Amino acid sequence: MRYLATVVLCIMCQMKSNAQLVNNGATISIQANAILSVQGNVENGSGTINNNGTLQLSGDLLNNDQLISSSNSTIIFNGSTDQSLRSNSATLETIELENSSNNVILLDDVAINNSLMFNDDDVQVLLDNHNMTLSASAIVIDYDDNNFIVTNGTGKVTKLAMSNFFFPIGFSETNYNPISLIENGTVDDISLRVLEQAYDNGTTMGNIISEEVVNASWEIEESVLGSSMIDADLFWTVSDEAVNFDRTSCAVGRYHLGAYDGLLNDLNPSSGAGPYSQTRVGITELGTFIVGNKPALDYVTVSPRIFLGGAYNGVDMNDDLRQLNVIPLVEPYNNLTDFTHVGLGGNEQVGLSADFDQMGTDDDVVDWIFVELRDPVDNTLVLGTQSVLLQRDGDLVDVEMNEVKFHGFASGDYNLVIRHRNHLGISTLNAHTLDHSTSILDFTDGTTQAWGTDAMHQSSGIYTLWPGDVNGDGNIFDNAVPSDVTEVANAVLANPNNTGFFGSGPVSTYTGFSTVYERTDVNLDGTVLDNASPSDATSIANIILSHPANTGFFGSGPVSTFLNLVAQIPQ
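Everything numeric here is computed off the predicted structure, so don't read it as measured data. (Residues numbered from 1 in each chain as written. Predicted model: local features only at pLDDT ≥ 70, side-chain atom pairs only at ≥ 80, totals over all residues. Heavy atoms only, no water.)

Let us now look at the sheet that holds strand β37 (residues 439-442). Overall, mixed pairing links the three strands, which are arranged β33-β29-β37 in an open sheet. With partners counted over all chains shown, the strands left at the sheet margins are β33 (404-407) and β37, one partner each. Taking the axes of each pair of neighbouring strands and ignoring which way they run, one obtains an average angle of 30° across the sheet. Examined bridge by bridge, strand β29 (residues 299-305) and β33 share four bridges and lie antiparallel to one another. Bridge assignment links V300 to a residue of β33, and that residue is F406. (Pairing = 2+ DSSP bridges. Helix = DSSP H or I, 4+ residues; strand = E, 2+ residues; numbered from the N terminus. Axes fitted to C-alpha atoms, helices over the stretch in contact; angles between N-to-C directions.)

Quick look at the structure:
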């Protein structure tokens, strides 16, 4: 015959057990204000534990049957080693952690109705692959960078009916990456965990992002899709920062459709002095979030193709500057007054001169190019810039020899302007749709239709940028003032090796100065010449003579006063 055993612990008394407590078939009731202290494990194999008071144990709590907790009940973990918790779907009221320098490890999902209290130092709850659910009224008390919940597996922390909650979580016992959420939309059940790294596809199946990020990802889910509008503060310490991460200008990005979605306006200095935090407001779609610089931003991709008229040889472009090893490793436009970087542009650089020498002759680098991303409606409004590299076949690539990406911009319509330090720039006639996929804009065949009139020089059906704007004023003039031809002559005259006078003596025969990277080098051969051949001054004069709107003869008539060789860029 089966019998029922009942153990009742009286009010205001304390019972101690010096060995593990095993319940197989009995009902154990802990009355209100009573304490059952067990110096070992508590195993409820097949029976019931009614907890109306306090269950205190130094070992594991292993419930396989009924564990019923009243609203005032407490479970205290105070062991000297790691302790495990199996709730068997029971809802627990209050859990207090007093096992200093040790962990409580979940063996299954656990629900807490009242509070989780960190009463000692250096205590963590390890979720592993199990979930912790906190009721709408549940709180977490006395958390800090030593006392928190560790999402070291697939397990997540869920806050029911969350309106405003601080999640004290981290990936490991030494990585503390909490997050604070405020719900401004419909109150919902919010679940989250933090991952060890930032990944290029938003999940641990992707590649680790090794630069310009915080080494963490926050996965946030909602019960009812689309009902939230959340403000989030994400926290980290200096030890979480990857190489080249800049906390003075970082953003919170959400992984979406192949990229993180931060925009330029989201870049701001972090708050705090360690731990640091970054904020994102008005989040309506949840997912995986990271904190970073460029990797946290959305982007659009473009692959323009141009020829510089000064270097064009009828087939592709000469790369004399590369062969002479005079192309600077750091882009030159940041130091030119007629160029202004916007957004994330400026100071692009390559590591070695050898980087300019690419496999295949058509991919060798000719020079640096300045590219502007402009507004689709107001084509005078520059949204972002970037200094990129021009290859012999006309392709524009970034400093890693990949397609050009403008970070901080969402997919949409944009105008593009391409400029060079001594050629007239060009602009797209109409806005083009750009997104993550590469958009090829080929200006060499004229099909892109550059903005303006006679925006490019045409020779045998090939279009090139007009060369000769050596003073950077957006015009190419000969006898008109300010004359680019005179600029070349003055540069030759002012060279320390030229001791004659302009127009006679050494100037007429002076071969100029060579192995240089100068704006007065119109044909980009690394040499600046005036009267000597091939003369950069003569190249400018011939360009002006060849302009379709110039119907006069060189040196007289319309040539002297011709002013139509102006950069066709919206101003």
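We now examine the pattern of salt bridges. Here the structure, examined in full by the defined rule, presents 16 salt bridges. The shortest N-O distance in the salt bridge between R421 and D367 comes to 2.9 Å. One end of the pair, R421, is in the loop between β34 (412-419) and β35 (426-427); the other, D367, is in strand β30 (residues 365-374), with 54 residues separating them in the sequence. Residue classification places R421 among the buried positions, given a relative accessible area of 2%. On the accessibility criterion, D367 (0% relative accessible area) is buried. A network of salt bridges, in which partner residues are shared, links K156, R193, E219 and E221. (Salt bridge = Lys/Arg side-chain N within 4 Å of Asp/Glu carboxyl O. Buried < 20%, exposed > 50% of the residue type's maximum accessible area, 1.4 Å probe, protein only.)

Take the sheet that holds strand β24 (residues 230-236) next. The sheet built from four strands is open, its strands ordered β19-β21-β24-β27 with antiparallel pairing. Every interior strand has two partners, whereas the edge strands, β19 (164-167) and β27 (276-283), have only one. Mean inter-strand twist for the sheet, computed between neighbouring axes without regard to direction, equals 10°.

Right, let's talk about the packing of helix α2 (residues 484-494) against helix α4 (residues 536-546) for a bit. Packing of α2 against α4 leaves a shortest axis separation of 8 Å and a crossing angle of 175°. In terms of orientation, α2 lies roughly antiparallel with respect to α4. Residue-level contacts link D484, V485 and V488 of α2 to D536, A537, I540 and A541 of α4. (Parallel < 35°, antiparallel > 145°, perpendicular 65-115°, else oblique. Contact = heavy atoms within 4.5 Å.)

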